[in-house]
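A look at the structure
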There are 2 protein chains.
Amino acid sequence: MDIKKVTVAGGGVLGSQIAFQSAYSGYDVTIWLRTEASIGRCQPKLDYLHATYLKTLDAMKQNPAAYAYGLMPREDVTPQSCEDAKAKVEAAYKGIRLTTDWDEAFGDADLVIEAVAESVQQKIDFYTELAKHLPERTIIDTNSSTLLPSQFAEATGRPEKFLALHFANEIWSHPTAEVMRHAGTGDEAFEATIAFAASIRMIPLRVNKEQPGYLLNSMLVPFLNSAEALWANEVATPEDIDRAWTLGTGAPAGPFRILDIVGLTTAYNIGIMDPRSKDPNTVQGKITAKLKEKIDRGELGLNAGKGFYEYPKQ
Amino acid sequence: MDIKKVTVAGGGVLGSQIAFQSAYSGYDVTIWLRTEASIGRCQPKLDYLHATYLKTLDAMKQNPAAYAYGLMPREDVTPQSCEDAKAKVEAAYKGIRLTTDWDEAFGDADLVIEAVAESVQQKIDFYTELAKHLPERTIIDTNSSTLLPSQFAEATGRPEKFLALHFANEIWSHPTAEVMRHAGTGDEAFEATIAFAASIRMIPLRVNKEQPGYLLNSMLVPFLNSAEALWANEVATPEDIDRAWTLGTGAPAGPFRILDIVGLTTAYNIGIMDPRSKDPNTVQGKITAKLKEKIDRGELGLNAGKGFYEYPKQ
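Being a predicted model, the structure only gives us computed values, none of them experimental. (Residues numbered from 1 in each chain as written. Chains lettered and ligands numbered in written order. Predicted model: local features only at pLDDT ≥ 70, side-chain atom pairs only at ≥ 80, totals over all residues. Heavy atoms only, no water.)

Re the domain arrangement of chain A
Quite often, the size of an interface is put as the accessible area lost when its parts meet. Inclusion rule: Domain ranges listed in this record stem from an automatic or a database domain assignment.
For chain A, the assigned domains read domain 1 (5-207) and domain 2 (218-303). Once you take the C-alpha centre of each, domain 1 of chain A and domain 2 of chain A turn out to be 31 Å apart.

Okay, structure coming up:
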């Protein structure tokens with residue numbers, strides 16, 4: 001499976017990053033957007049990534065802590081190689097095409113990465129239309145965080161060439177690529193996606209069965225929940241719970257630092273999916289009630305300047 | 001509450017460390033042992049700690065990575081201060097008294113730290129006899145990892161002066177001290193134990209309610225279980241699950257590295273406490289079956305040279 005032309009469907013935060021990193025890695029990249037207005041919202045994201053990649057390469061010349069895995073192997077970093085890599089950034093920035101035209105976007109794509117809104121119906125509508133424009137050879141990867149590929153396999157019309165490729169935010173420095181097959185995914189598409197992820201300097205992780213939350217969130221959610229339970233039951237303060245974790249495991253951040261990064265609204269939204277959260281006498285009910293109190297006070301986490309901790313204004 | 005005389009009951013791995021660290025910090029320390037044979041088993045542990053503290057102080061003179069929190073504040077470390085601290089190691093080593101005599105051990109103790117075997121009956125027998133020899137003022141802390149202080153509060157005869165003080169292994173470099181009260185613990189004993197823990201250079205964490213597993217294990221057990229579930233369900237390999245965690249959270253070790261350190265037998269013993277582990281069709285049943293396979297092959301973890309990973313022979 002020789003992948004050259006990559007089309008990313010959707011130009012949001014992740015879609016634009018996936019497109020930029022793929023173009024930086026030498027792929028011929030198109031971003032498909034639903035409307036002209038979406039093109040208007042996507043272009044500033046590409047401008048930002050262009051500036052960020054250039055700035056990161058400059059910082060990497062002198063500061064080892066600025067190293068971003070996605071930009072080059074660590075052993076290749078020299079002031080000259082960072083300078084040279086700027087040409088790849090410029091080529092990526094100039095080379096990415098934005099279009100609302102289905103045939104232009106998908107008519108000759110080798111790989112489609114779907115990063116449209118997290119709505120079952122919107123995705124089904126997208127895949128149903130996509131099937132009319134896509135060559136038979138094309139592999140489709142969904143970047144969905146919360147929905148499962150099996151929900152859309154039929155709509156794609158090519159379940160054996162359909163799977164999930166899930167990125168973390170700021171992919172140039174957080175290079176996790178969880179590659180997840182559903183029961184009908186063929187080996188060829190699975191291996192081709194793993195190879196593609198590695199070729200854009202991601203670290204591919206093989207998720208051999210459908211798993212809600214992939215690998216990271218399958219561990220993060222119960223871990224954070226256990227910490228929230230200690231807090232909601234008034235066993236200890238967030239600070240002491242974090243200290244128990246960082247002292248005990250050597251991790252750089254405890255669960256409440258992580259919750260501040262994730263955002264309390266996201267934690268709350270995950271919490272209320274559990275039916276027990278409706279009963280105030282259960283631990284889940286206590287957790288969601290206490291999270292809601294903080295959210296109502298505007299203590300939403302790192303981005304708000306305050307969550308479980310306070311953060312200096314940027 | 002003025003604590004000067006500390007008696008540690010039990011001279012096992014943790015008991016000897018607690019005694020040595022307390023003596024190093026200037027306390028008048030006695031170790032009570034049940035039999036003369038126990039004294040014979042405890043002495044080599046103190047010899048080892050004596051050598052380890054001296055060796056660590058020597059290493060700290062030159063190597064910042066050798067720093068052990070329990071030995072002195074980081075900002076105080078100089079070649080001279082490390083040399084000077086050896087006198088405290090020698091004084092601790094010479095000063096610790098070992099005895100099987102109840103009155104000698106407990107008759108004038110300000111604080112008793114119980115570190116006898118993890119057996120409900122043995123602890124009840126110990127506390128019942130202890131009550132006959134202990135001054136009224138004395139606080140009793142249990143270092144039990146798996147039993148709850150409320151199980152023994154009545155046997156001590158002084159529930160308001162009884163609570164838990166839980167240490168990690170190698171306390172001179174892993175200075176977590178989880179201080180846990182039961183419902184009947186008084187504020188004075190709770191605060192005095194926190195102050196004592198800080199005075200022997202531990203970092204006290206306030207556990208304000210009884211919580212099986214204290215803080216760290218209350219998070220570690222569900223976290224490790226979620227990772228074991230991914231492995232037992234054949235979603236991904238231990239290596240990829242660990243990578244998802246370390247890449248996603250910046251932690252130095254993923255769950256299977258931690259399981260190798262904890263030991264697979266311990267993980268198995270925790271697992272079989274869940275009644276679902278008896279049903280091979282449940283996730284818990286699959287986890288315990290797969291752990292047992294590895295244990296039967298001698299893949300017990302770090303100490304065995306092989307667990308989920310292989311380790312070079314020491």
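Considering the pairing of strand β4 (residues 111-114) of chain A
Regular strands have side chains that alternate between both faces of the sheet. Residue and element names in this part refer to chain A. How we decide: Think of it in three bands: residues with accessible area under 20% of the maximum for their type are buried, residues over 50% are exposed, and the middle band is partly exposed, with areas taken using a 1.4 Å probe on protein chains only. Only runs of H or I of at least four residues qualify as helices and only runs of E of at least two qualify as strands under DSSP, and these elements are numbered from the N terminus. Here a strand pair is declared whenever DSSP counts at least two bridges between the two strands.
Residues of β4 alternate between two faces, with L111 and I113 on one and V112 and E114 on the opposite face, all of them buried. Summarising the sheet, strand β1 (residues 5-9) and β4 pair through four bridges and their orientation is parallel. Bridge pairing in β4 places A9 opposite E114. Taken together, the four bridges between β4 and strand β5 (residues 139-142) define a ladder with parallel strand orientation.

Regarding the packing of helix α1 (residues 13-24) of chain B against helix α3 (residues 79-95) of chain B
Two numbers describe a pair of packed helices, the interaxial angle and the distance between the axes. Residue and element names in this part refer to chain B. Formally: Between N-to-C directions, angles span 0 to 180 degrees; the directions come from axes that are lines fitted to C-alpha atoms, helices contributing only their stretch in contact. Roughly parallel means an angle under 35 degrees; roughly antiparallel, over 145; roughly perpendicular, 65 to 115; everything else is oblique. In a left-handed crossing the near helix is turned counterclockwise from the far helix by less than a right angle, and in a right-handed crossing that turn is clockwise. Contacts between residues were defined by any pair of non-hydrogen atoms, one from each residue, lying within 4.5 Å. The nonpolar class holds Ala, Val, Leu, Ile, Met, Phe, Trp, Tyr, Cys and Pro. Asp, Glu, Lys and Arg form the charged class, and all remaining residues, Gly among them, are polar.
Interaxial distance between α1 and α3 falls to 8 Å at its minimum, and their mutual angle equals 125°. The angle between the axes of α1 and α3 places the two elements in the oblique class. For the pair α1 and α3, the sense of crossing is right-handed. Of the residues in α3, those in contact with F20, A23 and Y24 of α1 are A85, K88, V89, A92 and Y93. Split into classes, the residues belonging to the contact of α1 with α3 amount to seven nonpolar, no polar and one charged.

Some thoughts on the sheet that holds β5(A)
Residues and elements named next belong to chain A. Ordered in space as β3-β2-β1-β4-β5-β6-β7-β8, the eight strands form an open sheet in which the pairing is mixed. Edge positions in the open sheet fall to β3 (97-99) and β8 (203-207), since each of these has one partner strand only. Averaged over neighbouring strand pairs, the angle between their axes works out to 25° when direction is ignored. Contacting β1, β4, β5, β6 (162-167), β7 (176-180) and β8, helix α7 (residues 187-199) crosses the sheet at an angle of about 155° to β8.

A few points about the sheet that holds strand β6 (residues 162-167) of chain B
Spatially, the eight strands line up as an open sheet ordered β3-β2-β1-β4-β5-β6-β7-β8 (chain B), and their pairing is mixed. Of all the strands in the sheet, the pair left with one neighbour each is β3 (97-99) and β8 (203-207) of chain B. Geometrically, the sheet is characterised by an average inter-axis angle of 25° between neighbouring strands, direction not taken into account. Where β6(B) lies against strand β7 (residues 176-180) of chain B, four bridges are found, and the strand directions are antiparallel. If you follow F167(B) over to β7(B), its bridge partner there is A177(B). Strands in contact with helix α9 (residues 238-249) of chain A are β7 and β8 of chain B; relative to β8(B), the strand with the most contacts, it is inclined by about 135°.

Observations concerning helix α8 (residues 216-232) of chain A
Residue and element names in this part refer to chain A. Inclusion rule: Multiplying 1.5 Å by the residue count of a helix minus one yields the expected span of that helix.
Its 17 residues give α8 an end-to-end C-alpha distance of 24 Å, which sits within 8% of 24 Å, the value for a rise of 1.5 Å per residue. Of all 17 residues that make up α8, 13 are buried, and the element is covered over most of its length. Two residues or fewer after α8 comes E234, characterised by a positive phi angle close to 60°.

Structural notes on unusual backbone geometry
Residues and elements named next belong to chain B. Positive phi, normally seen in glycine, also occurs at Y214, with a value near 50°. For Y214, the position within the fold is in the loop between β8 and α8 (216-232). Assessed through its relative accessible area of 1%, Y214 is described here as buried. The phi torsion at E234 lies on the positive side, around 60°, for a residue other than glycine. On the secondary structure map, E234 appears in the loop between α8 and α9 (238-249).

So, the packing of aromatic side chains
Let me state the cut-off plainly: Any Phe, Tyr or Trp ring, taking Trp's six-membered ring, that has another such ring centre within 6.5 Å forms a pair; planes under 30 degrees apart are called stacked, those over 60 apart edge-to-face, and the others tilted. We call a charge positioned above a ring when the Lys NZ or Arg CZ atom is no farther than 6 Å from the ring centre and deviates by at most 35 degrees from the ring normal.
If you walk through the whole model with that rule in mind, you get 37 aromatic pairs over all chains. Residues W32(A) and F126(A) carry aromatic rings whose centres are separated by 5.3 Å and whose planes lie at 45° to one another, so their mutual orientation is tilted. Of this pair, W32(A) sits in strand β2 (residues 28-32) while F126(A) sits in helix α5 (residues 120-130), and the two are 94 residues apart along the sequence. Accessibility classification places W32(A) together with F126(A) in one group, the buried group. In this structure an aromatic cluster arises from ring pairing among W32(A), W102(A), F106(A), F126(A), Y127(A), F152(A) and F162(A). One residue, R257(B), lies across the ring of Y309(B), its end atom 3.7 Å from the ring centre.

Quick look at the pairing of β8(B)
Residues and elements named next belong to chain B. Note the cut-off: Handedness of a crossover: with both strands directed away from the viewer, a clockwise path from the first strand across the helix to the second marks it as right-handed.
Alternating positions in β8 separate cleanly, I203, L205 and V207 being buried on one face and P204 and R206 remaining unburied on the opposite face. Sheet topology note: the β7/β8 ladder contains five bridges and is parallel. Bridged to M180 within β8 is V207. Between the parallel elements β7 and β8, the chain passes through helix α7 (residues 187-199) in a crossover that is right-handed.

So, the interface of chain A and chain B
The test is simple: Simply put, the buried area is the total loss of 1.4 Å probe accessible area from both parts when two parts are fitted together. Think of a salt bridge as a Lys or Arg side-chain nitrogen and an Asp or Glu carboxyl oxygen that are within 4 Å of each other. The term polar contact refers here to a pair of N or O atoms within 3.5 Å; inside protein, the definition further demands a hydrogen-donor-capable atom paired with an acceptor-capable atom, and it admits residues adjacent in sequence only when both atoms are side-chain atoms.
With 37 residues of chain A in contact, the opposing surface of chain B contributes 37 residues. Of the roughly 3100 Å² buried where chain A meets chain B, counting both sides, 74% is carbon and sulfur surface. Where chain A touches chain B, the interface holds zero salt bridges. Counting the contacts that link chain A with chain B gives six residue pairs in polar contact (both at pLDDT 80 or more). Within the residue set of the side of chain A that touches chain B, elements represented by two or more residues are β7, β8, α8 and α9 of chain A. Here the element with the most residues in the side of chain A that touches chain B is α8(A); it accounts for nine residues. Residues belonging to the side of chain A that touches chain B are distributed by class as follows: 22 nonpolar, nine polar and six charged.

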